[in-house]
Amino acid sequence: MNNSRKIWEKPWDYTEGFIVAGGIALAGTLLQFPLGNINPVDFGSPVNIIIGALFVAGLLCCHFLLKGNYIVGWLSSVRSTLPALLVMLLFIVILGLTPQFTIYEPQEHLPGNIFSRMGWYRMTTSWTFVFLCFYMLTILGFTLLKKARKLQSWRRLGFYLNHLGLFIALLGGLLGSGDLQRFTMTVAEGNTEWRAQDASGNIRELPVAIELDTFKIEEYPPKLVVIDNRTGKILPENRPESYMFEAIGKTTQLNGNTIELLEYIPQAAIVRDSVFTNVVPMPMDGAATALKVRVTNPSLKEPVEGWVSNGSYMFPYQVLYIDEATSVAMPVQEVKKYTSQVTVFTKAGHTEKAGIEVNKPLSMEDWIIYQYSYDESMGKYSKTSVFELVRDPWLKVVYTGIFMLLAGALFLFIAGPRK
Amino acid sequence: MTWDHFIYFALPAVLLWIAASALALQSPKKLLPTLLTILGLGVFFSFIIGLWISLERPPLRTMGETRLWYSFFLPVAGLITYQRWKYRWILSFSTILSAVFIAVNIVKPDIHNKVLMPALQSPWFAPHVIIYMFSYAILGAVTLIALYYLVREKKIPDKERIMDMADNLVYVGIAFITMGMLMGAIWAKEAWGHYWSWDPKETWAAATWLGYLIYIHYRLRKTSKNKISAIMLICAFVLLQVCWYGVNYLPSAQGRSVHTYSVR
Ligand code: HEM
């Protein structure tokens, strides 16, 4: 490198790269002040298609019409790439360090500092971030076009898969966010629902309807813990211990106590009067899980015995006092699986019966239906299920890029660095 | 099998790896060190299998469980490097680093816990995390090389050989980190409805990925400086640490990340 070179004197190197990348970020920030964040909805079809077509056409024009142009050449070299990636990294680190808010959160809820107006609390929809993405895409595009002229080789294929894959996935993801639709739909057992809610709370009728035939929650077995009576924290505080129920007759050690399991009623009614607590089987909705335990520890004169339960929407929870400071308690059971048996209809006339679970969504025309939530106040007796319906027409584009990148990763592994 | 039995598998495994490292340093013959390393890996892996069976789920959820895989893959990464590029001291390096993570797991054992949230019940779970842990192990080895370079710069006779090794390993590491990340994206689409949501864990995964991309591109130019390259590797590894467990402590991620599954 020639150290006496002045800035902007050719050949351009990293210094100019930082100035250009910084300039792009600054330009984005200057737009951010008057315009605020980008709402992807404003860039839905056909605006995104036009932007994408103009962008690619622009790259092609610059490449073919400005043959040998110095800046285009520089923009397809590592000298511009490295600063671009570093500035991008800087903003991603900022994104990772600042709490992020959605576009639907009113501006008043955001911290009232300068960074807020610079868009940092909604980084991914800020002009700065989007400009940097397009700058990266520009470099990627020119690099790809430059390499297309040269001889093909095995290694070049890896280069193409990586760079074209990233170009397609990134551009598709950016433009596609304009057409991405997400709704939540709450359906009660036995009902059919066409209406759904978007992230800002607007209700809309969709071209798909869900009939909820049944909704079932499967839970893990109950757990026992020893808690601090004052704070409610699980003990020992630095390494909380818990015991998952296996069978009656077992014994476990928790926080220095020996706990013996005497009785187990998976569906119990807990009836309390001023003196006694009665726990009896009650095989119906609203029943609580109850375990009778006997606790001994060296400082107790005699064992403590009694019922412990995590309650339900009908019954309060029940702890067993060991002494002044500690109790045995049963935390809310963890959910193992929740399944909605549904019949889905579309306006186009399709009908399909399916079981929808987390990680097992249902595809219906261009909608994907996800198990999202349920009525948590009712716990395992919830009679309603909440679904998320997502429509992303650009998904195929992004997946094309992702699979190219996956193939490109294999090339990186096999071929290794250029020697 | 529970964490209480861990030491009975970890100790013999580490002893086998130490024996392999010592033999590799003494003689250029590769057969015996390779066999001993594999034997150690076998012992260690039988604990992973045992834990897997007793938990009734893949042991990949909690920090301690990922550390377990990390300490398994470090000698794997060391062995591959040893086999492919014949660096005789790499086995000692990977053994030391692996032993550190094993020690952490012995001093601070995990809680035996069978719970696997619905979001994690997916065929993508195991490959996604295992591939990530493998790449972390490779990139951990690269970090050791970079530190070695920075500490002993003046005394290294063949600097290019060291930097070549770093390059070789970074390409393997970034290949796997890319696969791990993209499998994660495909899984996220299936579990949460979108392939990329800039959740704190995803954001730091992107930062880590960019960190190593920057290194790769920087090294493409002949003007690149070894020292700057080594510093870049260490910075990228810092980003990786934030992604792996640092996000659990970041105030910006408190209660926001859907990716924290540690037991509370
Ligand atoms: C924003 C993203 C990226 C940009 C702007 C970019 C840009 C560049 C540039 C300008 C070159 C130099 C080409 C040459 O003259 O040899 C290059 C090469 C290379 N890039 Fe990237 N790149 C990006 C992403 C990636 C990704 C995602 C990977 C792989 C995971 C990658 C791997 C490589 C490799 C392996 C080479 C060397 C190609 C060869 O052997 O000639 N790059 N990149």
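Quick notes on the rules
- Residues numbered from 1 in each chain as written.
- Chains lettered and ligands numbered in written order.
- Predicted model: local features only at pLDDT ≥ 70, side-chain atom pairs only at ≥ 80, totals over all residues.
- Heavy atoms only, no water.
- Helix = DSSP H or I, 4+ residues; strand = E, 2+ residues; numbered from the N terminus.
- Rg over C-alpha atoms; globule rule 2.2 N^0.38 Å.
- Buried < 20%, exposed > 50% of the residue type's maximum accessible area, 1.4 Å probe, protein only.
- Contact = heavy atoms within 4.5 Å.
- Areas by Shrake-Rupley, 256 points an atom, 1.4 Å probe, with all protein chains shown as cover.
- Lys, Arg positive; Asp, Glu negative; His and termini not counted.
- Charge placed at Lys NZ, Arg CZ, Asp CG, Glu CD.
- Near = heavy atom within 4 Å.
- Polar contact = N/O pair within 3.5 Å; in protein donor to acceptor, adjacent residues only side chain to side chain.
- Buried area = accessible area lost by both parts, 1.4 Å probe.
- Salt bridge = Lys/Arg side-chain N within 4 Å of Asp/Glu carboxyl O.
- Disulfide = S-S within 2.5 Å.
- Donors = N, O, S within 2.8 Å, 3.2 Å for Na, K, Ca; no water.
- Tetrahedral: all angles 85-135°; square planar, octahedral: opposite > 155°, others 65-115°.
- Axes fitted to C-alpha atoms, helices over the stretch in contact; angles between N-to-C directions.
- Parallel < 35°, antiparallel > 145°, perpendicular 65-115°, else oblique.
- Left-handed = near helix turned anticlockwise from the far one by under 90°.
- Nonpolar A, V, L, I, M, F, W, Y, C, P; charged D, E, K, R; others polar.
- Phe/Tyr/Trp six-rings, centres within 6.5 Å; stacked < 30°, edge-to-face > 60°.
- Lys NZ or Arg CZ within 6 Å of the ring centre and 35° of its normal.
- Pairing = 2+ DSSP bridges.
- Patch = residues over 30% accessible without salt bridge, like charges linked within 9 Å, V, L, I, M, F, W, Y side chains within 5 Å.

Student: Whenever I open this one, the overall build of chain B confuses me. Can you help?
Tutor: In terms of regular secondary structure, chain B is built from eight helices and zero strands. Start at the N end of chain B and walk to the C end: the helices and strands fall as α-α-α-α-α-α-α-α. Here chain B has a C-alpha radius of gyration of 19 Å; the compact-globule value for 264 residues is 18 Å, and the two agree. Seen along its three principal axes, the alpha-carbon backbone of chain B occupies a region of about 55 × 45 × 30 Å. When each of the 264 residues of chain B is scored for burial, the buried share is 63%. In chain B, of all internal contacts separated by at least 6 residues, the share reaching a separation of at least 24 is 79%. Taken as a whole, chain B presents about 10,600 Å² of accessible surface, with 70% of it coming from carbon and sulfur. Taken as two groups, the 24 positive and 12 negative side-chain charges of chain B have centres that lie 8 Å from each other.

Student: Even after reading the chapter, I still don't get the site of the ligand, so can you show me in this structure?
Tutor: The ligand sits among 23 residues. The nearest are Thr81(A), Lys147(A), His163(A), Arg418(A) and His217(B). Near the ligand, the surrounding residues are drawn from chains A and B. One of the side-chain N or O atoms of Arg156(A) is found 3.2 Å from an oxygen atom in the ligand. Contact distances for the ligand include 2.7 Å between a nitrogen atom and a side-chain N or O atom of His163(A).

Student: Where do I start with the interface of chain A and chain B in this structure?
Tutor: How big an interface is tends to be reported as the loss of accessible area on association of its parts. On the side of chain B, 53 residues touch chain A, which itself brings 60 residues to the contact. Both faces combined, the contact of chain A with chain B buries some 5,000 Å², and carbon together with sulfur accounts for 69% of it. Counting the contacts that link chain A with chain B gives one salt bridge. In this structure, the salt-bridge partner of Arg221(B) is Asp13(A), at a minimum N-O distance of 3.1 Å. For the pair chain A and chain B, the number of links is 10 residue pairs in polar contact (both at pLDDT 80 or more).

Student: Just to check I follow, could you spell out the state of the cysteines for this structure?
Tutor: Between two cysteines, a covalent bond joining their sulfur atoms is known as a disulfide. Under the defined criterion, the tally for this structure stands at zero disulfides over all chains. Looking at the unpaired Cys133(A), the closest cysteine sulfur is the one in Cys243(B), lying at 19 Å. No disulfide involves Cys235(B); its sulfur sits 16 Å from the nearest other cysteine sulfur, which is in Cys243(B). Judged by relative accessible area, Cys235(B) falls into the partly exposed class, the value being 43%.

Student: Would you mind going over the coordination of the iron atom of the ligand with me for this structure?
Tutor: Octahedral six-donor coordination of a metal ideally yields angles of 90 or 180 degrees, compared with 109.5 degrees for tetrahedral four-donor coordination. Around the iron atom of the ligand, the protein contributes the donor atoms His163(A) (NE2) and His217(B) (NE2), which lie 1.9 to 2.0 Å from the metal centre. Around the iron atom of the ligand sit six donor atoms, and with donor-metal-donor angles ranging over 87 to 179 degrees the site reads as octahedral. Note that His163(A) is positioned in helix 7 (residues 154–176) and His217(B) in helix 7 (residues 200–219), a pairing that runs across two chains. What makes His163(A) buried here is its relative accessible area of 17%.

Student: Whenever I open this one, unusual backbone geometry confuses me. Can you help?
Tutor: Trans peptide bonds make up the majority, and among non-glycine residues the majority have a negative phi. Cis rather than trans, the peptide bond between Lys10(A) and Pro11(A) has omega equal to 0 degrees. Tracing the sequence through the fold places Pro11(A) in the segment before helix 1 (14–35). Residue Pro46(A) is reached from Ser45(A) by a cis peptide bond, and omega for that bond is 5 degrees. Inspection of the secondary structure puts Pro46(A) in the loop between helix 1 and helix 2 (47–65). Positive phi outside glycine occurs at Glu56(B), with the angle close to 60 degrees. Along the chain, Glu56(B) turns up in the loop between helix 2 (31–55) and helix 3 (63–85). On the basis of relative accessibility, which here comes to 61%, the residue Glu56(B) falls in the exposed class. The phi dihedral of Lys86(B) is positive, around 60 degrees, even though this residue is not glycine.

Student: Just checking my understanding: could you explain the packing of helix 4 (residues 78–97) of chain A against helix 6 (residues 127–149) of chain A for this structure?
Tutor: Two measures define how a pair of helices packs: the angle their axes make with one another and the distance between the axes. Residues and elements named next belong to chain A. Two elements in contact, helix 4 and helix 6, have axes separated by 10 Å at closest approach and are oriented at 150 degrees. Taken together, helix 4 and helix 6 sit at an angle that is classed as roughly antiparallel. In this structure, helix 4 crosses over helix 6, and the sense of that crossing is left-handed. Contact residues: helix 4 offers Ser80, Thr81, Ala84, Leu85, Val87, Met88, Phe91, Ile92 and Leu95, while helix 6 offers Thr128, Phe129, Leu132, Cys133, Tyr135, Met136 and Ile139. Of the residues assigned to the contact of helix 4 with helix 6, the class counts are 13 nonpolar, three polar and no charged.

Student: What should I look at first to understand the packing of aromatic side chains in this one?
Tutor: Tallied over the entire structure, the rule returns 46 aromatic pairs over all chains. Here the aromatic rings of Phe159(A) and Tyr160(A) are separated by 5.8 Å at their centres, their planes lie at 90 degrees, and the arrangement is edge-to-face. Measuring from centroid to centroid gives 5.9 Å for Trp244(B) and Tyr245(B), while their planes differ by 55 degrees, and the two rings are tilted. Judged by relative accessible area, which is 4%, Trp244(B) ranks as buried. A cation over an aromatic ring shows up here: Lys10(A) above the ring of Tyr70(A), its NZ or CZ 4.7 Å from the ring centre. The cationic tip of Lys347(A) hangs over the ring face of Trp194(A); the distance from NZ or CZ to the ring centre is 4.9 Å.

Student: Looking at this structure, I do not really get the pairing of strand 8 (residues 277–281) of chain A. What am I missing?
Tutor: Regular strands place side chains that alternate from one sheet face to the opposite one. The pairing of strand 7 (residues 257–272) of chain A with strand 8 of chain A spans five bridges and is antiparallel. By the bridge assignment, Ile270(A) is partnered in strand 8 of chain A with Val279(A).

Student: Explain the pattern of salt bridges here, please?
Tutor: Opposite charge on two side chains makes pairing possible when the charged atoms of those side chains draw close. All names here are of chain A. By the definition in use, this model includes 19 salt bridges over all chains. In this structure, Arg182 engages Glu388 in a salt bridge whose closest nitrogen and oxygen atoms are separated by 3.1 Å. With a gap of 206 residues between them, Arg182 in strand 1 (residues 181–188) and Glu388 in strand 17 (residues 384–391) connect regions that are remote in the sequence. Exposure remark for Arg182: the relative accessible area of 30% places this residue in the partly exposed category. Taking the relative accessible area as the measure of exposure, Glu388 reaches 7% and is therefore buried.

Student: Help me understand the pairing of strand 9 (residues 288–296) of chain A in this model?
Tutor: All names here are of chain A. As paired elements, strand 7 and strand 9 share eight bridges and run antiparallel to each other. Bridging across to strand 9, Ile259 finds its partner in Val295. Pairing of strand 9 with strand 10 (residues 304–309) involves six bridges; the strand directions are antiparallel. Of the residues in strand 10, the one forming a bridge with Val293 is Gly306.

Student: Would you explain the sheet that holds strand 12 (residues 326–329) of chain A in this entry?
Tutor: Strand pairing in a sheet relies on backbone hydrogen bonds. The paired strands run either parallel or antiparallel. Residues and elements named next belong to chain A. Strands sit in the order 5-4-12-11 across an open sheet of four strands; the sheet is antiparallel. Single-partner strands in this sheet number two, and they are strand 5 (243–244) and strand 11 (320–321). Across four bridges, strand 4 (residues 223–228) lies against strand 12 in antiparallel orientation. Paired with Ile227 across the strands is Ser327, a residue of strand 12.

Student: How should a positive patch on the surface be read in this particular structure?
Tutor: A cluster of like positive charges, contributed by Arg155(A), Arg418(A), Lys419(A), Arg84(B) and Lys222(B), occupies part of the molecular surface. The topology assignment puts Arg84(B) in helix 3. According to the relative accessible area criterion, Arg84(B) is partly exposed, its value standing at 37%.

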